[in-house]
Amino acid sequence: MRRFSIVIIAAVAALFFMACDKMSTSRDSNTGGASPTTSATPDAFAAARDTFVKNCKSCHGDNGAGGPVKLEDGTRLKVPSLREGHALRHPDSDFTKQIEKGGDGMPAFKDKLSAQQITEIIAFIRHEFQGGAAPPAEPNKSPMKGMKMD
């Protein structure tokens, strides 16, 4: 009798474990393999990354390193790196001005990109290519600067 009880308990335990395994397999298949408690981390820079790829990558490259570029009209440019050098020393306002107005071979994007997109691209550059470096301080633009106080 004791042996029969052990066999019954083992069989019930085996059925229980098989049922649990089957439930987790069916749950995973409904969620594309992900468990229901797992959630994907959203990419905070997805929109800016897409804007960069469409508007900046052809000159600045995948990794923002810049370098020599030959334009469709045959013009050759030496595109600055977004990872080092001057890019690290310019405040965000300088980036905004350069993106909006262009210059030194770079086209103006003021009519192509919104102010929001430009701000997002600058944040993307700081995060992706400059290791999250904080931008340098903006120059003091106080209206009181240079005024003589009595």
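Refer to the structure above for everything that follows.
Note that the structure is a prediction, hence the values are computed from the model and not measured.

Caption draft 1: Representation of helix H6 (residues 115–128) in the model. The first and last C-alpha atoms of H6 sit 20 Å apart over 14 residues, in line with the 20 Å expected at 1.5 Å per residue. The complete set of buried residues in H6 reads Ile118, Ile121, Ile122, Phe124, Ile125 and Arg126.

Caption draft 2: Representation of the packing of helix H5 (residues 92–101) against H6 in the model. Taken N-terminus to C-terminus, the directions of H5 and H6 make an angle of 125°; their axes are 10 Å apart at the nearest point. Classified by the interaxial angle, the pair formed by H5 and H6 is oblique. Handedness of the crossing formed by H5 with H6: right-handed. Of the residues in H6, those touching H5 at Asp92, Phe95, Thr96, Ile99 and Glu100 are Ile118, Ile121, Ile122, Ile125 and Arg126. Class assignment for the residues of the contact of H5 with H6 results in six nonpolar, one polar and three charged.

Caption draft 3: Molecular detail of the packing of aromatic side chains. Counting across every chain of the model gives four aromatic pairs. On the basis of an interplanar angle of 55° and a centroid distance of 5.3 Å, the ring pair of Phe52 and Phe129 is categorised as tilted. With Phe52 in helix H2 (residues 46–55) and Phe129 in the segment after H6, this residue pair connects regions lying 77 residues apart in the sequence. Relative accessible area serves as the criterion here: at 6%, Phe129 is assigned to the buried category. Aromatic pair Phe124 and Phe129: ring centres 5.5 Å apart, planes at 75°, arrangement edge-to-face. Across the pair, exposure class does not vary: Phe124 and Phe129 are buried alike. One aromatic cluster is present, formed by Phe45, Phe52, Phe124 and Phe129 through successive ring pairs.

Caption draft 4: The arrangement of the packing of H2 against H6 in detail. Where H2 meets H6, the axes come as close as 9 Å, and the angle between the chain directions of the two elements is 95°. Between H2 and H6, the angle is such that the two are roughly perpendicular. On the side of H2, the interface is formed by Ala47, Ala48, Arg49, Thr51 and Phe52, while H6 contributes Gln117, Glu120, Ile121, Phe124 and Glu128. The residue makeup of the contact of H2 with H6, split by class, is five nonpolar, two polar and three charged.

Caption draft 5: Geometry of the pairing of strand S2 (residues 76–79). Side chains Leu77 and Val79 project from S2 onto a buried face, and the interleaved Arg76 and Lys78 project onto a face without burial. Inspection of the sheet shows strand S1 (residues 67–70) paired to S2 by four bridges, in the antiparallel sense. Within S2, the residue paired with Gly67 across the bridge is Val79. From the end of S1 to the start of S2, which pair antiparallel, there are five residues, and Gly74 there has a positive phi angle of about 95°.

Caption draft 6: Structural context of the pattern of salt bridges. The full count for this structure, using the stated rule, is five salt bridges. With a shortest N-O distance of 3.0 Å, Arg49 and Glu128 are connected by a salt bridge. Separated by 79 residues along the polypeptide, Arg49 in helix H2 and Glu128 in helix H6 bring together distant segments of the chain. Here Arg126 ties to Asp92 by a salt bridge, and the two come within 2.9 Å at their closest N and O atoms. Here Arg126, found in helix H6, pairs with Asp92, found in helix H5; they are 34 residues apart in sequence, far enough to count as distant. Given a relative accessible area of 26%, Asp92 falls into the partly exposed group. Because the salt bridges share partners, they merge into one network encompassing Asp43, Arg49 and Glu128.

Rules of the game
Residues numbered from 1 in each chain as written. Predicted model: local features only at pLDDT ≥ 70, side-chain atom pairs only at ≥ 80, totals over all residues. Heavy atoms only, no water. Helix = DSSP H or I, 4+ residues; strand = E, 2+ residues; numbered from the N terminus. Expected span 1.5 Å × (residues − 1). Buried < 20%, exposed > 50% of the residue type's maximum accessible area, 1.4 Å probe, protein only. Axes fitted to C-alpha atoms, helices over the stretch in contact; angles between N-to-C directions. Parallel < 35°, antiparallel > 145°, perpendicular 65-115°, else oblique. Left-handed = near helix turned anticlockwise from the far one by under 90°. Contact = heavy atoms within 4.5 Å. Nonpolar A, V, L, I, M, F, W, Y, C, P; charged D, E, K, R; others polar. Phe/Tyr/Trp six-rings, centres within 6.5 Å; stacked < 30°, edge-to-face > 60°. Pairing = 2+ DSSP bridges. Salt bridge = Lys/Arg side-chain N within 4 Å of Asp/Glu carboxyl O.

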